[in-house]
Amino acid sequence: YGDHRDLHLSLRRQRQMCIRDSNVTVDHVSQIKDEIHGNFRIVDGVSGKAIFFDGYTTQIKRKSNLAPEIKDVFTIEAWIAVAAYPWNWAPIIDLSQGILYGFDFSVGPRGELRLGGAVNSRRHELIVPAGTIPLNKWVHVATRFDANGKLEIFKNGVLIGDKNVIKPPKLS
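Residues numbered from 1 in each chain as written. Predicted model: local features only at pLDDT ≥ 70, side-chain atom pairs only at ≥ 80, totals over all residues. Heavy atoms only, no water.

**Focus on the sheet that holds strand E7 (residues 73-80)**
In space, the four strands of this open sheet follow the order E7-E12-E13-E14, with antiparallel pairing throughout. A strand with exactly one partner marks an edge of an open sheet, and here the two such strands are E7 and strand E14 (158-164). Between one strand axis and the next, the sheet turns through 15° on average, direction left out of account. One ladder, built from six bridges, connects strand E12 (residues 139-146) with strand E13 (residues 150-155); its direction is antiparallel. Bridge pairing in E13 places Val141 opposite Lys155. (Pairing = 2+ DSSP bridges. Helix = DSSP H or I, 4+ residues; strand = E, 2+ residues; numbered from the N terminus. Axes fitted to C-alpha atoms, helices over the stretch in contact; angles between N-to-C directions.)

Structural data, given as structure tokens:
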């Protein structure tokens, strides 16, 4: 997925989590304690343990001053297993404030994946087709955002969608 490892490594290691108490997980790279909110349970994952989100209320929150610095090029990856498709877009990660600042990587109501991001206060989206994410099966998903030209989405290491971004001077 390229050399964009700042956020990428932190999120990948998040899956190698340590539950310190009933609502805290520790990022093994940064040693930052992230709060788990909503209804969830701890289950066996692809490797080690995973958080079983309820699909409605579960969130892992990190204080914004502790979040990794996001540059104009970055990669995000996650292992997900969807038990039921959401009614609306459900974020894998959401670092946005409205639609004109930041980015989100989400699963849609028919199993599609979406990367949305703002470049110069203009929203850009890449959506891959319905059925991309199967139910009840672990899938590795990743996305790369390059504010200098391209949005990309990967499934199990294979590029499944890309889109050029028009005239993007800076990530806003």
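**Quick word on a nonpolar patch on the surface**
Together, Val46, Trp79 and Trp138 line one region of the surface with nonpolar side chains, adding up to about 270 Å² of accessible area. Of note, Trp138 is situated in the loop between strand E11 (122-128) and E12. A relative accessible area of 32% places Trp138 in the partly exposed class. (Patch = residues over 30% accessible without salt bridge, like charges linked within 9 Å, V, L, I, M, F, W, Y side chains within 5 Å. Areas by Shrake-Rupley, 256 points an atom, 1.4 Å probe, with all protein chains shown as cover. Salt bridge = Lys/Arg side-chain N within 4 Å of Asp/Glu carboxyl O. Buried < 20%, exposed > 50% of the residue type's maximum accessible area, 1.4 Å probe, protein only.)

**Some details on the sheet that holds strand E8 (residues 90-96)**
If you walk across this open sheet you meet the four strands as E8-E9-E10-E11, and the pairing is antiparallel. At either margin of the open sheet sits one strand with a lone partner, and together these are E8 and E11. Each strand axis lies, on average, 10° off the axis of its neighbour in the sheet, ignoring direction. Where strand E9 (residues 102-107) and strand E10 (residues 113-119) come together, five bridges link them in antiparallel fashion. Considered in E10, the bridge of Val107 is made with Leu113.

**Remarks on the side chain of His140**
Tracing the backbone shows His140 in strand E12. Of note is the side chain of His140, whose polar atom sits 2.3 Å from the side chain of Glu77. (Polar contact = N/O pair within 3.5 Å; in protein donor to acceptor, adjacent residues only side chain to side chain.)

**Describing the environment of Leu113**
Mapped onto the elements of the fold, Leu113 is located in strand E10. Of the residues examined, Leu113 reaches a relative accessible area of 0% and is grouped as buried. When the C-alpha atoms of Leu113 and Ala130 are compared, they prove to be 8.0 Å apart, with 17 residues separating the residues in sequence.

**Focus on the nonpolar core**
Of all hydrophobic cores here, the largest spans 22 residues; its most connected members are Ile80, Phe105, Leu113, Ile133, Val141, Phe145 and Ile153. Of all the secondary-structure elements, those providing two or more residues to this core are E7, E9, E10, E11, E12 and E13. Per-element accounting of this core gives the leading share, four residues, to E7. Excluding residues within four positions of it along the chain, Val141 makes contact with Ile76, Glu77, Ala78, Ile80, Ile92, Phe105, Leu113, Ile133 and Phe154. (Core = buried A, V, L, I, M, F, W, Y, C linked by side-chain atoms within 4.5 Å. Contact = heavy atoms within 4.5 Å.)

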